[in-house]
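Each chain, letter by letter, is given below.
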Amino acid sequence: MTGLDGAERRGSAGSRDGLYHQLRRDIVAGDLPPGTALVELPLAQRYGISRTPVREALRRLEHDGLVERHDRGLRVRATSPERVLEIYEVRIALEGIAARSAAEKRSTYDL
């Protein structure tokens, strides 16, 4: 655990994006180590938030490759720091291409 009490966690995880970023930080920092089962209700209680934002944050984390489906739900994916860097290098490149394409195809309405 990060050493934060419930009130501090609620402050940082009180929104959808806040919870996603807090869970992501906890996974990267090792507070939620590889193999940890990620169950909605205990996570909602831990971060002082309802289950719906937990579910949405877990979907985003799965999309990012930080969590994976397991027999009975989701768990923190075991990965190396090198693999994480590779994933983010690809995302950075793709986001740059997408931004350039959007800028080139923009219309006066978009401005």
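Residues numbered from 1 in each chain as written. Predicted model: local features only at pLDDT ≥ 70, side-chain atom pairs only at ≥ 80, totals over all residues. Heavy atoms only, no water.

Undergrad: Any chance you could explain the overall build of the protein here in plain terms?
TA: When helices and strands are counted, the protein shows 5 helices and 3 strands. Along the protein, from the amino end to the carboxyl end, the secondary structure elements read α-α-β-α-α-β-β-α. Within the protein, the proportion of its 111 residues that are buried is 26%. Put simply, 55% of the contacts in the protein that link residues at least 6 apart link residues at least 24 apart. When the accessible surface of the protein is summed, it comes to about 7500 Å², and 54% of that surface belongs to carbon and sulfur atoms. (Helix = DSSP H or I, 4+ residues; strand = E, 2+ residues; numbered from the N terminus. Buried < 20%, exposed > 50% of the residue type's maximum accessible area, 1.4 Å probe, protein only. Contact = heavy atoms within 4.5 Å. Areas by Shrake-Rupley, 256 points an atom, 1.4 Å probe, with all protein chains shown as cover.)

Undergrad: Looking at this structure, I do not really get the layout of surface pockets. What am I missing?
TA: It is a probe the size of a water molecule, rolled over the atoms, that shows where empty space is left. Empty space within the largest pocket amounts to approximately 200 Å³. Around the largest pocket, the lining residues are Ile-27, Val-28, Pro-34, Leu-66, Arg-77, Thr-79, Ser-80, Pro-81 and Val-84. Looking at the lining of the largest pocket, the elements with two or more residues in it are helix H2 (16–29) and helix H5 (81–104). Here the residues of the lining of the largest pocket are counted per class, giving 6 nonpolar, 2 polar and 1 charged. (1 Å grid on protein atoms, 1.4 Å probe; cavity = no way out; pocket = protein on both sides within 12 Å on 5 of 7 lines; lining within 4 Å. Points joined across faces, edges and corners; volume = space filled by probe spheres on them. Nonpolar A, V, L, I, M, F, W, Y, C, P; charged D, E, K, R; others polar.)

Undergrad: What is the right way to look at the environment of Arg-60 in this model?
TA: Mapped onto the fold, Arg-60 is located in helix H4 (residues 51–64). On the basis of relative accessible area, Arg-60 is assigned to the partly exposed category, the value being 34%. Linking Arg-60 and Asp-17, residues 43 residues apart in sequence, is a C-alpha distance of 9.8 Å. Setting aside anything within four residues of it in sequence, one finds Arg-60 in contact with Asp-17 and Tyr-20.

Undergrad: I'm lost on the sheet that holds strand E3 (residues 73–76) in this one. Help?
TA: One key point about sheets: their strands pair by backbone hydrogen bonds, in either a parallel or an antiparallel sense. The antiparallel open sheet is built from 3 strands, whose spatial order is E1-E3-E2. A single partner strand is all that each edge strand has here, and the edge strands are strand E1 (37–38) and strand E2 (67–70). Together, E1, E2 and E3 form the strand contacts of H4, whose direction differs from that of E2 by roughly 100 degrees. (Pairing = 2+ DSSP bridges. Axes fitted to C-alpha atoms, helices over the stretch in contact; angles between N-to-C directions.)

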